[in-house]
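Below are the chains, spelled out letter by letter.
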Amino acid sequence: MAINTFPTTYDVNDLKRPELRVYEALLESLPDGSDIFVHVEGIPSFERREIDFVVSIPGIGIAILEVKGGQIRAEANLWEQYNIKDHKWHSIDVVKQLDEERRMLTSILRREFGIYYPRIKNFLVAPDAVFDMDRSLPFIEREQVIDQNQLENIADVIAAGIASINAGIYFGDAEQALVRAALTDVGLTYDELVESSYERFHMTEQLTYQQSYVLDMLQDNRFIYVRGGPGSGKTQLAILQAIRLMSQGLKVGVLCYNIGLSELLKHKFAGMAEHLQPAYVGAVGKGLAGYWGIDVPSEISQDETNQFYDVTLPQLMLERAQSLTDEEKFDAWVIDEAQDLNRGELRTLEAALRPNAAGIYLFGDPEQDLWDREGEVPWTPAFARLSRNFRNSRKIAALVNDLQPTSSGEPMGYLGGYQPEYVVAADRQAVFDIAEAKLQELKEKWGWKAGQIVVLTIANRHSTHDKLRTADDAAYWKNFFDAKDVFYGRSKSFKGLERAVALVIIDDDLNWDENLDDFVVGISRGRDELIVVGTDSDLAALQRVESHFNVIRLGKSTARS
């Protein structure tokens, strides 16, 4: 693993002589996997416009290096630098420069880290000067100054200085990737985008788990509701909360409303140790009813479906819950996409709790109530909000955020990404033909594997979806987890799930009042790449956010390259 320099195209011959000496010393002494950022540009609100070097060391933290070449000295309360042109010493405000650079860097990093930063340390590097190690320097600790004699061991000096800081979050691979995103917004070629997709997915999962401090803050509450928009890490935190409870020896049930997400939850827990297996994991309603021995008719008419699942079944389940013995009851329920459960179902779960139970833990987003079940929490829980979207590329997240600003999180993904594409079809039937052509292009031209792609419709099932659903549910969802083939589904049934690429087909007239939520869920399922196929009228309905799209019409080429 090499040392990385950013920008990757930077010509080190453009460095000034003192800077080049420092750069070469860094290359010689830094551990593998470290990053060197050269001439980091500032932001307009700061007087300083550039930082000479920013160095990130995995497992350690971040260093800011201000290089002062030539002769410099510390006299009384002043720092001075010798000017060879007029042969005079001139005062330099090193302290102000270092302070300004630190504030500038933390402002840049705020987009990625919020208020919790890794450890950051400023250093003044003087490659042509020498200072006694026990020398007291004006307004700067001696450990912050790296002189000519220390240049050979510059990495050790930096690491020791950063280690002396007590505050700061752990600086692992995920955090290092965020620093890269903040300081470079590195533009990947499309080939690099495809090749790095799996690695980025695992890093994102690790990052969302690091939001566990939210659970720490709420741990003394019996009822909690953690809210967050698409990609904010709700499911990961729900799983983590269940693990925490089961680690205490508690009987835990993990629930959601839709079958697809319930299959994901089963898949996640299946590989865990026996003591971390929930007593029940799956869908509320038919699934939990079966677990409790309640008979559910195999066939229900379309007209009776809503009445049965929204009224009759919840009443039967409430009666069953009230008759459970303490041994049959649960210590805790963890509910993902909690906005989909109605008041009756939540009351049933409360009735199925043991005396002195741990509680009920909700994770969801009221803005994504796709099933119109008018869910209402029957208690006053402790609330927390996840305000950052880690899953999607920042360009996809920005589109989602503008469509649903009251719910969606600030774009915080590792990847800037490519602008989402909107491909215009002549009519509603043509959207399917164009979508099929785009699907083949994604696989054959751009190198995406079939198992990385999901094709989602907004209203009705795709014809391929219909064929796949003729089999039982288990076989259908096994196709998703096997990740060998393109997966077909409807956006609302795919809520809580994701793939690297989402190809979204607008198969019904887009209406802000009726199906916007379905559309938002669909487009937020793609982590790295998003392609939407619709008509001109659909595009007109999206006029407010049209600038987020690269609009493609027949005969024009894609922007991917």
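Predicted model only: the values in this text are computed from it and were never measured. (Residues numbered from 1 in each chain as written. Predicted model: local features only at pLDDT ≥ 70, side-chain atom pairs only at ≥ 80, totals over all residues. Heavy atoms only, no water.)

(A) Structural context of the overall build of the protein chain. For the protein chain, the count of helices and strands is 18 helices and 23 strands. Intrachain contacts of the protein chain at a sequence separation of at least 6 include 74% that bridge at least 24 residues. Total accessible area on the protein chain stands at roughly 25,000 Å², and carbon and sulfur atoms take up 47% of it. (Helix = DSSP H or I, 4+ residues; strand = E, 2+ residues; numbered from the N terminus. Contact = heavy atoms within 4.5 Å. Areas by Shrake-Rupley, 256 points an atom, 1.4 Å probe, with all protein chains shown as cover.)

(B) Spotlight on helix H14 (residues 430-444). When the terminal C-alpha atoms of H14 are compared, their 21 Å separation across 15 residues agrees well with the 21 Å that a helix rising 1.5 Å per residue should span. Of all the residues in H14, the buried ones are Ala430, Val431, Ile434, Ala435, Lys438, Leu439 and Leu442. (Expected span 1.5 Å × (residues − 1). Buried < 20%, exposed > 50% of the residue type's maximum accessible area, 1.4 Å probe, protein only.)

(C) Main features of the pairing of strand S21 (residues 499-505). With seven of seven residues buried, S21 is to be regarded as a mostly interior element. Note that S21 and strand S22 (residues 526-535) share six bridges and pair parallel. Residue pairing across strands places Arg499 opposite Gly526, the latter belonging to S22. At this point the chain moves from S21, through helix H17 (residues 516-523), to the parallel S22, and the crossover so formed is right-handed. (Pairing = 2+ DSSP bridges. Right-handed = clockwise from strand over helix to strand, strands pointing away.)

(D) The pattern of salt bridges, seen in detail. Throughout the structure, instances matching the rule amount to 24 salt bridges. Of the charged contacts in the structure, one is a salt bridge between Arg73 and Glu80, with a shortest N-O distance of 2.7 Å. Residue Glu80 is classed as buried on the basis of its relative accessible area, which comes to 13%. Across the salt bridge formed by Asp216 and Arg244, the nearest N and O atoms sit 2.8 Å from each other. (Salt bridge = Lys/Arg side-chain N within 4 Å of Asp/Glu carboxyl O.)

(E) Expanded view of the packing of helix H11 (residues 302-323) against helix H12 (residues 343-351). At a minimum axis distance of 9 Å, the contact between H11 and H12 shows a crossing angle of 10°. Put simply, H11 runs roughly parallel to H12. In contact with Tyr309, Pro314, Met317, Leu318, Ala321 and Gln322 of H11, H12 contributes Glu345, Arg347, Thr348 and Ala351. Class assignment for the residues of the contact of H11 with H12 results in six nonpolar, two polar and two charged. (Axes fitted to C-alpha atoms, helices over the stretch in contact; angles between N-to-C directions. Parallel < 35°, antiparallel > 145°, perpendicular 65-115°, else oblique. Nonpolar A, V, L, I, M, F, W, Y, C, P; charged D, E, K, R; others polar.)

(F) Quick look at the environment of Ile64. In this structure, Ile64 sits in strand S4 (residues 61-67). Accessibility expressed as a relative area gives 0% for Ile64, which makes it buried. In the structure, Ile64 is positioned 10 residues away from Val54 in sequence and 4.7 Å away in space, judged by C-alpha atoms. Every residue in contact with Ile64, bar those within four places of it in the chain, is listed here: Ile51, Phe53, Glu101, Arg102, Leu105, Ile120, Lys121, Asn122 and Phe123.

(G) Layout of the sheet that holds strand S11 (residues 252-256). In space, the six strands of this open sheet follow the order S12-S11-S13-S14-S10-S15, with parallel pairing throughout. Lying at the two open borders of the sheet, with one neighbouring strand each, are strand S12 (280-283) and strand S15 (382-386). Averaged over all pairs of adjacent strands, the angle between strand axes in this sheet comes to 15°, irrespective of strand direction. Where S11 meets S12, four bridges bridge the pair, whose relative direction is parallel. If you follow Gly253 over to S12, its bridge partner there is Tyr280. Contacts between helix H8 (residues 234-247) and the sheet are confined to strand S10 (223-228), S11, strand S13 (332-336), strand S14 (359-364) and S15, with S13 contributing the most and set at about 170° to the helix. Contacts between H12 and the sheet are confined to S10, S11, S13 and S14, with S14 contributing the most and set at about 150° to the helix.

(H) Representation of the nonpolar core. By size, the foremost hydrophobic cluster in this structure holds 59 residues, and its most contacted members are Val334, Leu403, Phe519, Ile523 and Val532. Tallying contributions element by element places H8 first for this core, with eight residues. Ignoring any residue separated from it by four or fewer positions in sequence, one finds Val532 in contact with Glu421, Tyr422, Val423, Val504, Ile506, Phe519, Ile523 and Phe549. (Core = buried A, V, L, I, M, F, W, Y, C linked by side-chain atoms within 4.5 Å.)

(I) Quick look at the pairing of S14. Counting buried residues in S14 gives six out of six residues, a clear majority hidden from the surface. Looking at chain direction, S10 and S14 are connected through five bridges and run parallel. Along S14, the bridge assignment pairs Ile224 with Tyr361. Relative to S14, S13 runs parallel, the two sharing five bridges. Pairing of Ile335 across the sheet is with Leu362, part of S14.

(J) Inspection of the packing of helix H13 (residues 394-403) against H17 at higher detail. Between H13 and H17, the least distance of the axes is 10 Å, while the angle of their chain directions is 165°. Taken together, the axes of H13 and H17 lie roughly antiparallel to each other. Considering only the axes of H13 and H17, their crossing is left-handed. For the pair H13 and H17, the contacting residues are Ile396, Leu399, Val400 and Leu403 in the first and Leu516, Phe519, Val520 and Ile523 in the second. Taken together, the residues of the contact of H13 with H17 sort by class into eight nonpolar, no polar and no charged. (Left-handed = near helix turned anticlockwise from the far one by under 90°.)

(K) The sheet that holds strand S1 (residues 4-6), seen in detail. Spatial strand order, S1-S2-S3-S4-S8-S9: six strands in an open sheet with mixed pairing. In the strand order of this sheet, the two ends are held by S1 and strand S9 (145-147), each with one partner. Within the sheet, the average angular offset between the axes of one strand and its neighbour, ignoring direction, is 25°. Bridge count for strand S2 (residues 35-41) against strand S3 (residues 50-57) is six bridges, and the pairing is antiparallel. What sits directly across from Phe37, in S3, is Val54.

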